[in-house]
Amino acid sequence: MLIVMKPTATQSDIGRVKDVIESLGYRAHVMSGVSRTAIGITGNEGAVDRTHFEHLPGVADAIHVTKPYKLVSKDLKLERSVVKVGNAEIGGDELAMIAGPCAVETPEHVFEIAEVVAKSGAKFFRGGAFKPRTSPYAFQGTGEEGLKILSEVRDQFGLNIVTEAMDERGIDLVEKYGDCIQIGARNMQNFSLLKYAGKASKPVLLKRGLSATLDELLLAAEYIMSEGNYDVILCERGIRSFGSHARNVLDLSIVPALHKITHLPVIVDPSHGTGRNYMVDPLARAAVAVGADGLIIEVHPCPEEALCDGAQALLPNQFLELYEQVAAIRKVVQPEAETVSV
Ligand code: PEP
Ligand code: MN
């Protein structure tokens, strides 16, 4: 059930509804939008009796939710959510650019890339310290040492750090050193991890599973939000198919499809989505053209030496050129967007 408050409802009206929800043994999720506040109810097994709420002051309506998801839905919040990540935002007027290496390798490489990313005007830096690798014998990441390097990047360059956690300990560490917890494609349906991320104090970048449907992605986000963490950013990163011309099939149709249903920001990863250096730029442009709120791009100064995903890494100058192009496309797609200086 969803309780829609009148635009004139006061904080004490909202508090009273929350108290009634909690006295029934349910959880209340207050979502304040520009035009109205709505309160989502979770924790109920069967239907909630609307008569508990209809007569309360400030209540406009009590609506039964028929869709499988509640908190991610635009039924709850009409306006797009803007998620604060460190000292910047994802989902606002400005295109969010997250760039950096696939993995944190040596401090020298990381700082070299960070300098380029900071110079580009991007506000977010990526890099995995915990790497989910297909083979147990492949490079697994530099762990906490890598996170310390990332936190130096934030201190030196003012970039906000987006980095993956693969387990609960990883979430604790990313909370300590980073600004945004990335849950990777392979963990999109690790429900206990999602619940744990739902209790974290940092925003979550949730990547679409290797063959996940739109509903599965939204329900994964719902797991995080139902625990009280509403700062979730969705990421399309390509899904499995049968072709071999690209690593994955980057499903750009999911961007408008998600925007139709959810208030959460949606970004696109053309690096993992294609796996090929020469495809990253055209697919990044396409992603911005279909309305993505941001991009996550892998950059490396010597891709042939990269310990992970060298084939899809952009050289620093290729990244700078890409950013200039997508910033220009963004202006056409959303004329109110701020100009990005490259
Ligand atoms: C990554 O972004 O480093 C990554 C491993 O991506 P994905 O989970 O989408 O494969
Ligand atoms: Mn990678």
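Rules used in this analysis
Residues numbered from 1 in each chain as written. Chains lettered and ligands numbered in written order. Predicted model: local features only at pLDDT ≥ 70, side-chain atom pairs only at ≥ 80, totals over all residues. Heavy atoms only, no water. Helix = DSSP H or I, 4+ residues; strand = E, 2+ residues; numbered from the N terminus. Buried < 20%, exposed > 50% of the residue type's maximum accessible area, 1.4 Å probe, protein only. Contact = heavy atoms within 4.5 Å. Polar contact = N/O pair within 3.5 Å; in protein donor to acceptor, adjacent residues only side chain to side chain. Donors = N, O, S within 2.8 Å, 3.2 Å for Na, K, Ca; no water. Expected span 1.5 Å × (residues − 1). Arc of directions from axis to C-beta. Near = heavy atom within 4 Å. Areas by Shrake-Rupley, 256 points an atom, 1.4 Å probe, with all protein chains shown as cover. Core = buried A, V, L, I, M, F, W, Y, C linked by side-chain atoms within 4.5 Å. Domains from an automatic or database assignment.

**A look at the environment of Leu205**
Structurally, Leu205 is set in strand S11 (residues 204–207). Taking C-alpha positions, Leu205 is 20 Å from Ala114, a pair spaced 91 residues apart along the chain.

**Topic: the environment of Glu79**
Mapped onto the elements, Glu79 comes out in the loop between strand S4 (59–63) and strand S5 (83–85). Judged by relative accessible area, which is 22%, Glu79 ranks as partly exposed. The spacing of Glu79 and Asn187 is 108 residues in sequence and 28 Å in space, taken between C-alpha atoms. With near-sequence residues (within four places) excluded, Glu79 lies in contact with Gly33, Val34, Ser35 and His263. Side-chain polar atoms of Glu79 contact the side chain of Ser35, separated by 3.3 Å.

**What to know about the coordination of the manganese ion (ligand 2)**
On the protein side, the manganese ion (ligand 2) has Cys102 (SG), His272 (NE2), Glu298 (OE) and Asp309 (OD) as donor atoms, found 2.0 to 2.4 Å from it. Within one chain, the residues donating to the manganese ion (ligand 2) are spaced in sequence as C-x169-H-x25-E-x10-D. Of the two residues, His272 is situated in helix H8 (residues 270–274) and Asp309 in the loop between strand S14 (294–298) and helix H10 (316–333); the sequence distance between them amounts to 37 residues.

**Section: helix H1 (residues 11–23)**
The terminal C-alpha atoms of H1, which comprises 13 residues, lie 18 Å apart, in line with the 18 Å expected from a rise of 1.5 Å per residue. Here H1 has its buried residues at Asp13, Ile14, Val17, Val20 and Ile21. Each buried residue of H1 lies within a common arc of 120° when the element is viewed along its axis, so the set occupies one face. Opposite its buried face, H1 presents the exposed residues Gln11 and Ser23, each directed more than 90 degrees away. A positive backbone phi angle near 90° is found at Gly25, which sits one or two residues after H1.

**Notes on the site of ligand 1**
Every residue close to ligand 1 is listed here: Arg126, Lys131, Pro132, Glu164, Gln182, Gly184, Ala185, Arg186, Lys207, Arg237 and His272. One of the side-chain N or O atoms of Arg186 is found 2.8 Å from an oxygen atom in ligand 1. In isolation ligand 1 has 290 Å² of accessible area, and contact with the protein removes 97% of it.

**Some thoughts on the nonpolar core**
Residues Phe125, Leu206, Ile297 and Phe319 are the most contacted members of the largest nonpolar core, which totals 74 residues. When residues in this core are grouped by element, the largest group, 7 residues, is from helix H6 (residues 214–226). Of the domains in this structure, domain 1 (2–63) and domain 2 (83–333) are the two that each give at least three residues to this core. Residues contacting Phe319, with those up to four places away along its chain left out, are Met97, Ala99, Val116, Val117, Ser120, Ile297, Val299 and Leu314. By size, the runner-up hydrophobic cluster in this structure holds 16 residues, among which are Met1, Val17, Val20 and Leu56.

**Some details on helix H3 (residues 143–157)**
Across its 15 residues, H3 extends 21 Å between first and last C-alpha, which sits within 8% of the 21 Å expected from 1.5 Å per residue. Within H3, burial applies to Gly143, Gly146, Leu147, Ile149, Leu150, Ser151 and Val153. On its buried face, H3 is in contact with helix H2 (107–120), strand S8 (124–126), strand S9 (160–164) and helix H4 (168–177). Gly158 sits one or two positions beyond H3 and adopts a positive phi of about 70°.

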